[in-house]
Amino acid sequence: MILIDLHVHTIFSGDATINPKLLVDRLYAHPTVKGVAITDHDTLEGYFQVRKLATVYQDLLIIPGVEATTTEGHFILLGIEEKPPYMATLESVVDFAMERAALIVIPHPYRADRGIGDAAERIQADAIEVINPSATLRENRLAEKLANARSLPGVAGSDAHNQDQLWTAYTEVGAEPDVGSVLNAIKNGRVKAVSAKHYLNV
Ligand SMILES: [Zn+2]
Ligand SMILES: [Zn+2]
């Protein structure tokens, strides 16, 4: 089993302050979370830098990913090292992902800010983000309900844009610490979403 924060941004997102070196240091220092998916907005640049910096540490797992900005909201692809076109339709990003055998995760489906909303009920996906600390408790509960209704695995990530937000949500994955094993485990539902954030205002 490995604990992974499946949704993290770096400075390459344009709206985040986490630099790749700091991210690797913080991951290395964490007692239990040993993996991270880099999901910058519409770029893989942060992932390439983090992966390079992490190679000196044996036990850190860096998963390639991207949070695509589509015409309908945010959409996450994992296990891909190529960015989809900016502001494309959800359907075309699904095609892009499937052609490259990427895993599709719907992030914060019901969050007012950049959630894809009702489209999450019909669009092709491998997993749904059921805990996003910047969504409300109600929005996360709706996401969990949707995952159950669609029989899709529920995952979690911090959606960290600054270092204080790192690891506030993560996913327990029943996999070996390698990218292929983790993606396979997510697809097959060997996951548990965990919130490490205390909701003060719900
Ligand atoms: Zn987002
Ligand atoms: Zn995000």
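Residues numbered from 1 in each chain as written. Chains lettered and ligands numbered in written order. Predicted model: local features only at pLDDT ≥ 70, side-chain atom pairs only at ≥ 80, totals over all residues. Heavy atoms only, no water.

Novice: Hey, could you go over the coordination of the zinc ion (ligand 2) for me, with residue numbers and the actual values?
Specialist: The zinc ion (ligand 2) binds to the protein through His 7 (NE2), His 9 (NE2), Glu 67 (OE) and Asp 159 (OD), with metal-donor distances spanning 2.0 to 2.2 Å. Note that the zinc ion (ligand 2) binds four donor atoms; their angles at the metal cover 81 to 178°, and the shape is irregular. Linear spacing of the donor residues for the zinc ion (ligand 2) on their chain is H-x1-H-x57-E-x91-D. A separation of 3.4 Å is found between the zinc ion (ligand 2) and the zinc ion (ligand 1), which share Glu 67 as a coordinating residue. Remark: Glu 67 occurs in strand 3 (residues 61-70) and His 7 occurs in strand 1 (residues 2-8); sequence separation between them is 60 residues. The class for His 7 is buried, based on a relative accessible area of 0%. Its relative accessible area of 1% is what places Glu 67 among the buried residues. (Donors = N, O, S within 2.8 Å, 3.2 Å for Na, K, Ca; no water. Tetrahedral: all angles 85-135°; square planar, octahedral: opposite > 155°, others 65-115°. Helix = DSSP H or I, 4+ residues; strand = E, 2+ residues; numbered from the N terminus. Buried < 20%, exposed > 50% of the residue type's maximum accessible area, 1.4 Å probe, protein only.)

Novice: So, the coordination of the zinc ion (ligand 1): which residues are in play, and what are the values?
Specialist: Those protein atoms acting as donors to the zinc ion (ligand 1) are Glu 67 (OE), His 74 (ND1) and His 108 (NE2), and they sit at 2.1 to 2.2 Å. The sequence motif formed by the donor residues of the zinc ion (ligand 1) is E-x6-H-x33-H.

Novice: Please provide a residue-by-residue account of the pattern of salt bridges, values included.
Specialist: Taken as a whole, this structure holds nine salt bridges when the rule is applied. The closest approach of N and O atoms between Lys 21 and Asp 25, which form a salt bridge, is 2.9 Å. Remark: Asp 25 and Lys 21 occur in helix 1 (residues 20-29); sequence separation between them is four residues, near one turn of the helix. Residue Asp 25 is classed as partly exposed on the basis of its relative accessible area of 32%. With a shortest N-O distance of 3.3 Å, Arg 100 and Glu 99 are connected by a salt bridge. By relative accessible area, Glu 99 is classed as exposed at 62%. Several salt bridges converge on common partners, so that one network encompasses Arg 111, Asp 113, Arg 114 and Asp 159. (Salt bridge = Lys/Arg side-chain N within 4 Å of Asp/Glu carboxyl O.)

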